[in-house]
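A look at the structure
So the chains spell out like this:
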Amino acid sequence: MFADDNDTFIEMKFFQAASRWSKNHKFFLTSFGVLAGGGSSLIYALEQSIHASNDAAHVAKQKWNHNGWFDTLDHASVRRGWEVYKNVCAACHSIEYLAYRELVGVCLTEDEAKAEAAEQLIEDGPDETGAMYKRPGKLSDILPKPYPNEEAARYANGGAYPPDLTYITQARIDGENYIFALLTGYMDPPAGVSLAENQHFNPYFPGGAIGMAQALYDEIIEYEDGTPATQSQCAKDVITFLKWCAEPEHDTRKLFAMKAFTVLGVLNLVVWYLHRHYWSVLKTRKILQSPKSLFKK
């Protein structure tokens with residue numbers, strides 16, 4: 001009897017511990033669910049707050065050559081996009097996080113990049129007298145800004161401040177599609193819409209009134225490779241160039257991903273085989289349970 005009472009006591013302790021664990025487990029799952037739901041709701045609300053407002057037209061999805069998992073940038077388009085930026089966009093917008101040396105082998109040869117940099121006068125110093133001076137640019141210099149400061153930029157653009165374009169494709173929701181729609185979406189304002197001085201109508205900009213005038217037109221520049229410089233072609237090329245500016249490691253990252261998936265695929269087969277080899281004995285075993293009465297005398 002004493003042994004039976006001891007077994008009963010142990011079983012009661014076990015079920016009490018299991019019950020407490022079950023309650024703690026439920027509390028943990030409930031807390032986790034509440035936190036996960038609240039966090040998801042907060043993230044969704046924050047994302048919706050930075051979307052274009054309801055008074056802006058929805059952008060169409062474009063087919064970009066680099067959107068696939070293993071698709072690379074169109075480097076001919078990147079080079080043409082540099083021409084568009086240099087001849088059209090650089091008059092107002094800066095790319096202040098890009099150095100001339102980064103253009104070598106992508107948009108320009110080394111000699112061409114040195115020549116482009118040398119055309120700019122870069123403020124340097126101080127010299128031995130403590131004065132600042134101007135010198136020709138070199139490959140290590142970043143691309144110069146079109147305006148010395150924000151106030152000068154606003155004054156030259158009727159109060160509007162042209163944003164820096166280095167990371168513009170990542171700084172806008174639906175990046176490339178939005179910028180393409182914005183660059184090609186200028187039109188006359190509909191009846192009943194009045195614009196202030198130095199404003200232009202673009203349905204893809206929140207509110208419709210934008211301070212930037214239409215910048216791209218058919219044949220606004222002449223490409224060195226002879227590609228017809230239509231408005232949509234110029235927009236596509238400059239956006240591809242800006243995509244490269246924001247992610248210069250784009251192609252390298254996807255190449256590493258392809259190598260990693262290949263290696264992991266082979267390792268997965270090896271691990272699967274070893275799993276079956278080492279666990280086959282345990283997975284195919286049979287366990288026989290005998291009643292306690294068989295062992296009692």
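Here, every reference points to the structure presented above.
None of these values were measured; they are calculated from a predicted model.

Moving on to the packing of aromatic side chains. Scanning all chains against the criterion turns up seven aromatic pairs. Here W64 and F180 contribute two aromatic rings whose centre-to-centre distance is 6.2 Å and whose plane-to-plane angle is 85 degrees, an arrangement assigned as edge-to-face. In this pair, W64 is assigned in the loop between α1 (2-50) and α2 (75-87) and F180 in helix α6 (residues 175-184), connecting sequence segments 116 residues apart. Here the two residues W64 and F180 agree in accessibility, since each one is buried. Among the aromatic side chains, those forming a connected cluster through ring pairs are W82, Y85, F241 and W244. Seen from the ring of Y223, R80 lies directly overhead, with NZ or CZ sitting 5.8 Å from the centre.

Time to look at the state of the cysteines. This structure, assessed with the given rule, holds zero disulfides. Here C89 is not disulfide-linked; the sulfur of C92 is the nearest cysteine sulfur, at 8.9 Å. What makes C89 buried here is its relative accessible area of 14%. Residue C245 stays outside any disulfide, its sulfur separated by 7.1 Å from that of C107, the closest cysteine. Relative accessible area serves as the criterion here: at 5%, C245 is assigned to the buried category.

This part covers α2. Counted at 1.5 Å a residue, the expected span for α2 with its 13 residues is 18 Å, and the 19 Å between its end C-alpha atoms agrees. Within α2, the full set of buried residues consists of S77, V78, R80, G81, W82, E83, V84 and Y85. Check the buried side of α2 and you find it contacts α3 (110-118) and α7 (231-246).

A separate point is the layout of surface pockets. By volume, the largest pocket is sized at about 680 Å³. As for the largest pocket, its lining consists of 28 residues, of which H93, P163, L182, I210 and M212 are closest to the centre. If you list the elements that add at least two residues to the lining of the largest pocket, you get α6 and α7. No other element matches the four residues that α6 contributes to the lining of the largest pocket.

Before going further, it helps to spend a moment on the packing of α2 against α7. Relative to each other, α2 and α7 sit at 100 degrees, their axes nearing to 7 Å. The angle between α2 and α7 falls in the class roughly perpendicular. In this structure, α2 uses S77, V78, R80, G81, W82, V84 and Y85 to contact α7, whose residues at the interface are Q233, C234, K236, D237, V238, T240, F241 and W244. Looking at the contact of α2 with α7, its residues break down into eight nonpolar, four polar and three charged.

As a further point, take unusual backbone geometry. Residues G125 and P126 are joined by a peptide bond in cis, for which omega reads 5 degrees. Assignment of secondary structure puts P126 in the loop between β1 (121-124) and β2 (133-136). With a phi close to 60 degrees, D174 is a non-glycine residue in the positive phi region. With respect to the helices, strands and loops of the structure, D174 is situated in the loop between α5 (168-171) and α6.

Grouped together as the largest cluster of nonpolar side chains are 40 residues, with contacts concentrated most on Y85, L103, F241 and W244. Contributing elements (two or more residues each) for this core: α2, α3, α6 and α7. Sort the elements by how many residues they give to this core and α7 lands first, with eight residues. Dropping the residues within four chain positions of it, F241 is found in contact with V78, G81, W82, Y85, I95, L98, L103 and C107.

A word on the environment of G137. By the secondary structure assignment, G137 is in the loop between β2 and α4 (150-156). Taking the relative accessible area as the measure of exposure, G137 reaches 11% and is therefore buried. Residues G137 and E119, 18 residues apart in the sequence, show an inter-C-alpha distance of 6.9 Å. Every residue in contact with G137, bar those within four places of it in the chain, is listed here: A117, A118, Q120 and I122.

Okay, the side chain of H93 next. Within the element layout of this structure, H93 appears in the loop between α2 and α3. Since its relative accessible area comes to 12%, H93 is described here as buried. Engagement of the side chain of H93 in a polar contact is seen with the backbone oxygen of P163, the distance being 2.9 Å.

What follows concerns the pattern of salt bridges. Throughout the structure, instances matching the rule amount to 14 salt bridges. One salt bridge connects K243 with E176, and the closest N-O pair in it is separated by 3.8 Å. Placement of the pair is K243 in helix α7 and E176 in helix α6, with a sequence separation of 67 residues. The two residues K243 and E176 agree in class, both being buried.

Cut-offs and rules
Residues numbered from 1 in each chain as written. Predicted model: local features only at pLDDT ≥ 70, side-chain atom pairs only at ≥ 80, totals over all residues. Heavy atoms only, no water. Phe/Tyr/Trp six-rings, centres within 6.5 Å; stacked < 30°, edge-to-face > 60°. Helix = DSSP H or I, 4+ residues; strand = E, 2+ residues; numbered from the N terminus. Buried < 20%, exposed > 50% of the residue type's maximum accessible area, 1.4 Å probe, protein only. Lys NZ or Arg CZ within 6 Å of the ring centre and 35° of its normal. Disulfide = S-S within 2.5 Å. Expected span 1.5 Å × (residues − 1). Contact = heavy atoms within 4.5 Å. 1 Å grid on protein atoms, 1.4 Å probe; cavity = no way out; pocket = protein on both sides within 12 Å on 5 of 7 lines; lining within 4 Å. Points joined across faces, edges and corners; volume = space filled by probe spheres on them. Axes fitted to C-alpha atoms, helices over the stretch in contact; angles between N-to-C directions. Parallel < 35°, antiparallel > 145°, perpendicular 65-115°, else oblique. Nonpolar A, V, L, I, M, F, W, Y, C, P; charged D, E, K, R; others polar. Core = buried A, V, L, I, M, F, W, Y, C linked by side-chain atoms within 4.5 Å. Polar contact = N/O pair within 3.5 Å; in protein donor to acceptor, adjacent residues only side chain to side chain. Salt bridge = Lys/Arg side-chain N within 4 Å of Asp/Glu carboxyl O.

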